[in-house]
Amino acid sequence: MSAHETKPRPPAAELRSRDRRWWIALAVVVLGSFAVLLYMGMRIDHSKPPVPTSVVAADGTELISEGEIMDGQRVWQSIGGQQVGSVWGHGAYVAPDWTADWLHRESTFLLDRYAQADGGKDFASLDEERQAALEARLKKAMRTNTYDSRTGTITLADGRDAAYKANSAHYAQIFTNGHEPYAIAKGAVKDPEAMQKMNAFFWWSSWAASTDRPDGSESYTANWPHEPLVDNVPTTTNILWSIISFILLLGGIAGMVWYHNMHDDDEVTDDPPANDPLLGYRSTPSQRATLKYFFAVGGLFVLQIAMGILSAHYGVEGGALYGIPIDQILPYPVVRTWHTQLGILWIATAWLATGLYVAPAVGGREPRLQRLGVNVLFWALILVVLGSMAGEWLSIRGSLGYGTELSWWLGTTGMEYLDLARAWQIGLFIGLFLWFFLMARGMWPAVRRAHEAGTVSPTSTAPLAAGSQRTLVIMLLFSCLAIASFFGAAFGMGHDTHLSITEYWRWWVVHLWVEGFFEVFATVVIAFLFSRLRLVRPGVAATATIASTTVFLFGGIIGTGHHLYFAGSDDVVMALSAAFSALEVVPLALIGFEAIRNLRILKVSEWVAGYKWAIYFFVSVSFWNMLGAGVFGFLINPPISLFYVQGLNLTPLHAHTALFGVYGMLGIGLMLFCVRSLMPGREWNERWIKWGFWGMNGGLLMMSLLSLLPLGLAQAWASVSTGTWWARSADFLYTPALTVLRWMRTPGDIVFALGALSIGLFMVGLLTGHSYANHEPIHRAGELRPQEEEQETPA
């Protein structure tokens, strides 16, 4: 603390010079990184596994005809796709990974068939020498690439046609009659022809995972999944770049610590305002209109948690909820689709509302029809949420047909975190640009005043326009534009797009949109709000924001490729992805300094205590960024690690702690910050919000450490020692010890749910008055009581 107090402030000229250098660095990083990412996409398009026009047995009998594999992919997507088990390791975790499961079943079928042809009872009854000979025969049959690029035909080795028919009958039985341990309801696929096509797709995903490329000694998926029977083991490239990624991580952290020590300019002010700068500020009509967004956030949040509890429960009671059969009404794929989708939507809604609240208080005037735009956007979001949920329910139940255009446009894409059907994607994309338009027109007057006067100063109508830097205003607008624009990557995948390319564009959205530019928005908006309340020095905060954004995006953009190691990419993609994914973790090494800064802000003035809980949530964001994104993220990011744990419960461990722990906690913090500033000076009854804060953070920690982490580590052991198929099998997951671990998620879920309910009760209490120390209802608060509408003027 004393070091912060005695260190001299950098001169304004030095800050401006440093800002210019960082702006140049940011431009180079963004343009260069996206050039590399597009280059990686071109390589994936070139190296992706071919989709044959025909698959024939050794005697020439056709097993799969032209178009059936792609039709099968569409069927799989329409019934939930990645919410029904996984393919190539991407998807849900209750049912098997169909790639690994098919591969193992086909391999053991062939080994038994070979043994019986040699006079044995089965493969297990043979001695080691005969087993080794048959394993060599199996590897030759499975790994030899017989794809003829001239005719588009794959010719299977002797016996593989019988294995194909046996596996097809097995999967048809599962999806027709249901399978409780897999949480697959009876009648999941009612059409035998659709089931036949989906079997063709499952076979193709396994063929691509076990057949050598024409020019190499590894499969199209870099030998994933781990399957010793066919020699699916880590490649040389995998091991080498895993080692290099660890070296880069350590070197990057050392460099980051050195730079921080050299340029540790104290952001926290030593001259705070005597009173809350927002005290007495009359909120504008559009700002008051954002209040309903935050109540919608609460509703979506509670619904998401309910779906999360149900989806977790399906892991222990595959078709029931404490004995009540619910799978015929709410199948597991529906519940999990809603859970993952609502998580993104409610967080995004909280952030959109924050931006809409901030804009007029920065610009200093209410643009004409701004409130109308805010209201239109709100109801458009509600339409997208409810419409997409209804469409997903209908599609997964088969009511829109299997793999039809109707299911694609109104049902579901079947791609995790991007399940919105195409019509709802278009609606959301338009809504995001409407949001950016409302943000830009609200904030632009401040940019214009700064350009004309050289400063951005607070006024009675623009209390958030404080400080002498316009950098944060411009950064905020850029981050908003990026959020609106990069959701458009979803349109890179179509109804008939190859799975490798579909995954490439899906991760553009999930990683760049959610994990990338939301992170930039989070960094900017927190610095922006603190500087506009004059709790941090705007010049120093602006420089720190540009620097942290540049460093984060340096690894974050190209690091998108770590999701694509085993999705048809080549060695170059793996090398680039491994290196930059390691650098993606580097900025998180200093996350503790951010938490300390936020705690120091609480002590600069008495009135800051009104924002205490919002700041506490910002501190928890730092904690989960370090643990969830940093520790648990790097646990699965290196190629050698992901080779064994992709598709296991270490992935949802990272997803829950990084997505909700970081972005969810931030969304709640922003919500509380905005609600607090809409009614400055009011004393809150902190009981419910206190329980909510500790309940959600404690529940998430319990869920992670008591269930997801030990379960994931147990699966990792099974994957390394035996194979991916075993780690995902019902026989392994339903052993007594692992059943207990899955049930151990319940205490954390309950504590977390009670915490979320407490936040919901606090928000309702703002309307009834029970969330205030004097129990005064919200409509009697001077800042929000009914008042004459201000004359709206053009921007």
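Quick note: structure is the one above.
Conventions used here
- Residues numbered from 1 in each chain as written.
- Predicted model: local features only at pLDDT ≥ 70, side-chain atom pairs only at ≥ 80, totals over all residues.
- Heavy atoms only, no water.
- Axes fitted to C-alpha atoms, helices over the stretch in contact; angles between N-to-C directions.
- Helix = DSSP H or I, 4+ residues; strand = E, 2+ residues; numbered from the N terminus.
- Parallel < 35°, antiparallel > 145°, perpendicular 65-115°, else oblique.
- Contact = heavy atoms within 4.5 Å.
- Nonpolar A, V, L, I, M, F, W, Y, C, P; charged D, E, K, R; others polar.
- Expected span 1.5 Å × (residues − 1).
- Buried < 20%, exposed > 50% of the residue type's maximum accessible area, 1.4 Å probe, protein only.
- Arc of directions from axis to C-beta.
- Polar contact = N/O pair within 3.5 Å; in protein donor to acceptor, adjacent residues only side chain to side chain.
- Salt bridge = Lys/Arg side-chain N within 4 Å of Asp/Glu carboxyl O.

Chemist: Which residues make up the packing of helix α20 (residues 612-636) against helix α23 (residues 687-721), and what values go with them?
Modeler: Viewed as axis vectors pointing N to C, α20 and α23 meet at an angle of 10°, and their least axial separation amounts to 11 Å. The orientation of α20 relative to α23 falls into the category roughly parallel. Side by side, α20 and α23 meet where Trp-613, Tyr-616, Phe-617, Ser-620, Trp-624, Leu-627 and Phe-632 of the first sit next to Ile-689, Lys-690, Phe-693, Trp-694, Met-696, Asn-697, Leu-700, Leu-701 and Leu-705 of the second. When the residues that make up the contact of α20 with α23 are grouped by side-chain class, the tally is 13 nonpolar, two polar and one charged.

Chemist: How would you explain the packing of α23 against helix α26 (residues 736-743) if you had to name every residue and give the values?
Modeler: Viewed as axis vectors pointing N to C, α23 and α26 meet at an angle of 150°, and their least axial separation amounts to 8 Å. When the axis of α23 is compared with that of α26, the two are roughly antiparallel. On α26, the residues touching Leu-706, Ser-707, Pro-710, Leu-711 and Ala-714 of α23 are Leu-738, Leu-741 and Arg-742. Here the residues of the contact of α23 with α26 are counted per class, giving six nonpolar, one polar and one charged.

Chemist: I'd like a description of helix α6 (residues 160-177), backed by residues and values.
Modeler: If you check α6, its first and last C-alpha atoms are 26 Å apart, about what 18 residues at 1.5 Å a residue would give, namely 26 Å. Buried within α6 are the following residues: Arg-160, Ala-163, Tyr-164, Asn-167, Ser-168, Tyr-171, Ile-174 and Phe-175. Looking down the long axis of α6, one finds its buried residues gathered within 130° of arc, a one-sided arrangement. In the core, the buried residues of α6 are packed alongside β2 (62-64), α4 (98-117), α5 (128-143) and α7 (192-210). One or two positions beyond α6, positive phi appears at Gly-178, with a value near 90°.

Chemist: How would you explain the side chain of His-104 if you had to name every residue and give the values?
Modeler: When you line up the elements, His-104 lands in helix α4. Among the polar contacts listed, one links the side chain of His-104 to the side chain of Trp-725, at a separation of 3.2 Å. If we ignore the near neighbours within four places in the chain, the residues touching His-104 are Glu-227, Leu-229 and Trp-725.

Chemist: How would you summarise the pattern of salt bridges if you had to cite specific residues and measurements?
Modeler: Between side chains of opposite charge, a pair can form as their charged atoms come close. One pass over the full model with this rule turns up 13 salt bridges. Close ionic contact of Asp-570 with Arg-43 constitutes a salt bridge, the shortest N to O distance being 2.7 Å. Here Arg-43 lies in helix α2 (residues 12-47) and Asp-570 lies in the loop between α17 (538-556) and α18 (571-585), a separation of 527 residues in the sequence. On the basis of relative accessibility, which here comes to 13%, the residue Asp-570 falls in the buried class. With a closest N to O distance of 3.0 Å, Glu-503 and Arg-506 form a salt bridge. Here Arg-506 and Glu-503 lie together in helix α16 (residues 499-532), a separation of three residues that amounts to about one turn. By the burial criterion, Glu-503 is buried, and Arg-506 matches it. Through salt bridges with shared partners, a single ionic network connects Asp-71, Arg-74, Glu-193 and Lys-197.

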